[in-house]
Amino acid sequence: MTQALPKTKLVTFEEFVQWKPDGGRYELHDGVIVEMTQPLGDHEEITGFLATKIPIEYDRLKLAYFIPKTALVKPPENESGYSPDVLIINRSNLVNEPLWKKESTVTQAASIPLVIEVVSTNWRTDYYTKRGMYEEVGILEYWIVDYLALAGKSFIGNSKEPTISIYSLVEGEYQVRQFRGSDCIISPTFPELNLTAEQIFQAGNTTT
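Residues numbered from 1 in each chain as written. Predicted model: local features only at pLDDT ≥ 70, side-chain atom pairs only at ≥ 80, totals over all residues. Heavy atoms only, no water.

Side chains on a regular strand alternate between the two faces of the sheet. Of all the eight residues making up strand β10 (residues 163–170), six are buried; the element is thus mostly covered by neighbouring parts of the structure. With six bridges connecting them, strand β9 (residues 141–146) and β10 associate as antiparallel partners. Paired with E141 across the bridge in β10 is S168. Of the pairings in the sheet, the one linking β10 to strand β11 (residues 173–179) comprises seven bridges and is antiparallel in character. The residue of β11 that forms the bridge with L169 is Y174. Count of turn residues in the β10/β11 antiparallel hairpin: two residues, of which E171 carries a positive phi of about 50 degrees. (Buried < 20%, exposed > 50% of the residue type's maximum accessible area, 1.4 Å probe, protein only. Helix = DSSP H or I, 4+ residues; strand = E, 2+ residues; numbered from the N terminus. Pairing = 2+ DSSP bridges.)

All right, on to the UniProt feature "domain: Putative restriction endonuclease" (unreviewed entry) in the chain then. UniProt records the feature "domain: Putative restriction endonuclease" (unreviewed entry) at residues 13–197, using the numbering of this structure. The straight-line gap between the two end C-alpha atoms of residues 13–197 is 36 Å; of that span, 28% is helix and 25% is strand. (UniProt positions renumbered as here; feature names shortened; annotations may be inferred.)

In spatial order, the strands read β4-β6-β8-β9-β10-β11; together these six strands make up an open sheet with mixed pairing. The open sheet is flanked by β4 (65–66) and β11, the only strands paired with a single partner. Against the sheet, helix α2 (residues 41–60) engages β4, β6 (86–90), β8 (114–118) and β9, with an angle of about 160 degrees to β8. Docked against the sheet, helix α4 (residues 123–137) engages β8, β9, β10 and β11, running at close to 170 degrees with respect to β9. (Contact = heavy atoms within 4.5 Å. Axes fitted to C-alpha atoms, helices over the stretch in contact; angles between N-to-C directions.)

Looking now at the side chain of T196. Checked against the element boundaries, T196 lands in the loop between β11 and α6 (197–202). In contact with T196, other than residues within four places in its own chain, are G181, S182, D183, C184 and I185.

Here the focus is the nonpolar core. Residues W143, V145, I164, I185 and I200 are the most contacted members of the largest nonpolar core, which totals 51 residues. If sequence neighbours within four positions are ignored, I200 has contacts with I46, F49, L50, W143, V145, I164, I185 and L195. Grouped together as the second largest cluster of nonpolar side chains are eight residues, F13, L28, I33 and L99 included. (Core = buried A, V, L, I, M, F, W, Y, C linked by side-chain atoms within 4.5 Å.)

Scanning the model with the defined rule gives 15 aromatic pairs in all. For the ring pair Y142 and Y167, a centre distance of 5.9 Å and an interplane angle of 25 degrees mean the geometry is stacked. In this pair, Y142 is assigned in strand β9 and Y167 in strand β10, connecting sequence segments 25 residues apart. Here the two residues Y142 and Y167 agree in accessibility, since each one is buried. Among the aromatic residues, ring-to-ring pairing joins Y82, Y134, Y142, Y167 and Y174 into one connected group. The ring of F13 carries the charged tip of K74 above its face, separated from the ring centre by 5.6 Å. (Phe/Tyr/Trp six-rings, centres within 6.5 Å; stacked < 30°, edge-to-face > 60°. Lys NZ or Arg CZ within 6 Å of the ring centre and 35° of its normal.)

Counting buried positions over the five residues of β6 gives five, a clear majority of the element. Here β6 shows two buried faces, one formed by V86, I88 and N90 and the other by L87 and I89. Two strands pair when backbone bridges link them, and β4 and β6 are joined in this way by two bridges, in the antiparallel orientation. By the bridge assignment for β6, Y65 is matched with N90. Here β6 runs beside β8; their pairing, made up of three bridges, is antiparallel. Residue pairing in the sheet places L87 in a bridge with V115 of β8.

Following this line, the structure appears as structure tokens:
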């Protein structure tokens, strides 16, 4: 869930970065500072599971990738900055990132092979806003992990089952494939990744 902080005016990305405190988690949405509320425990477990499993794969492939703790994604020509739940960064392109050294911010698709959002009550932000902005940046692969099936039926179907939507960039536009239950995840970035949708969902259901 998110809430906008009261502001008398819209702020630029530079103003946001200068203001942003060390504690808490904040994003900038079209000039509006938004405080991200504390996620649920299941959300944290799923995020942690993915942030553990995916590095095993890029280490195996000897790719120069890593997962930062608090880096931001800034769309071009837009006063926004997003803090994804899981952000895979290509270290080899950081030399070309103008905001990386001072602001730990990436702006180029070549720096971002994969971004993952685990859905909370702010599902519209993940499916509408961030999908559009990540597409604009040109990020090749974007996962939405909707483990509580919170999104509307137009996004995850009438059955309202927990769903992982994987958006892949094709000729500048996202195309989506969805995975549920025992479906094996098909990732363009990591085609040999050996995970099912249920394994990911169960990471946040360890008490049952």
